[in-house]
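# A look at the structure
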Amino acid sequence: PPLKQILASFYDLTRPNRLNRHTLNLVRILISKRAFTMNELRDFKILPNTNAIIYSMLENQQEQSLEIMLDVLHDLLSHLNDLVIPSEDAIVHHVDEIFNNFEPCIHLLNIQFDISLVEKASQCLIQILQLFAQSKLKRRDIFFTEAHFPYLLSALKHSSHRPLIQKRMLKCVYWALI
């Protein structure tokens, strides 16, 4: 099988002996270079595995690899945002999958995490909202709840030396209020 297929098979929580920082970095590089087609993203289950890995790392407090996963998520979101307007019907399934990362991104805004993780999570959150706003074929809604506000306000309060994070949090608060 091709290298992409082998790496994608390692990018799975059910293969813990193969899922490591090296695998994550290699998958991140392939995604950032847009080496996977939309069909390969679906067939190799890249989006659901990304979501499962992020949730697992949050549960197990594996902060050191979360940064790589946020880079993966950012690259996937960038790719989908580029495709949503010209060919949304072809990627609607992927868009729905990527929305599963909304909750983990909000939870990563907690000040207990390193500020670089908070920054990447805020960037991914803005991209998710942008993708949601551009999507016409939404299968579900994403929205902020009252439980999300402590995370948003915590990131806003504790990022005074990072105006970009504050700007993103204000956008999220605005989004939540409209």
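Everything quoted here is computed from the prediction, not taken from an experiment.

Each α-helix turn comprises 3.6 residues. Residues three or four places apart therefore point the same way. A rise of 1.5 Å per residue sets the reference length of helix α2 (residues 21–32), with its twelve residues, at 16 Å; its end C-alpha atoms lie 16 Å apart and thus fit the reference within 8%. Capping of α2 at its N-terminal end is provided by N20; its side-chain oxygen lies 2.9 Å from the backbone amide nitrogen of H22. Two residues or fewer past α2, R34 is found with a positive phi of approximately 55°.

Attention now moves to unusual backbone geometry. For R34, which is not glycine, the phi torsion reads 55° and is therefore positive. Here R34 falls in the partly exposed class, since its relative accessible area comes to 38%. The backbone of K45 shows a phi angle near 55°, a positive value even though the residue is not glycine. Tracing the chain through its elements places K45 in the loop between α3 (38–43) and α4 (46–59).

Right, let's get into the nonpolar core. Within the largest apolar cluster, 58 residues are counted, with the highest numbers of intra-cluster contacts made by Y11, I46, I98 and L125. If one sorts the elements of this core by residue count, helix α5 (residues 63–98) sits on top with 13 residues.

Right, let's talk about the confidence of the model for the chain for a bit. In this model, the chain carries a mean pLDDT of 87, and residues with pLDDT of at least 70 account for 98%. Element-level pLDDT for the chain is lowest in helix α9 (residues 163–177), with a mean of 83, against a maximum mean of 94 in α2.

The rules we used
Residues numbered from 1 in each chain as written. Predicted model: local features only at pLDDT ≥ 70, side-chain atom pairs only at ≥ 80, totals over all residues. Heavy atoms only, no water. Helix = DSSP H or I, 4+ residues; strand = E, 2+ residues; numbered from the N terminus. Expected span 1.5 Å × (residues − 1). Polar contact = N/O pair within 3.5 Å; in protein donor to acceptor, adjacent residues only side chain to side chain. Buried < 20%, exposed > 50% of the residue type's maximum accessible area, 1.4 Å probe, protein only. Core = buried A, V, L, I, M, F, W, Y, C linked by side-chain atoms within 4.5 Å. pLDDT = per-residue confidence, 0-100.

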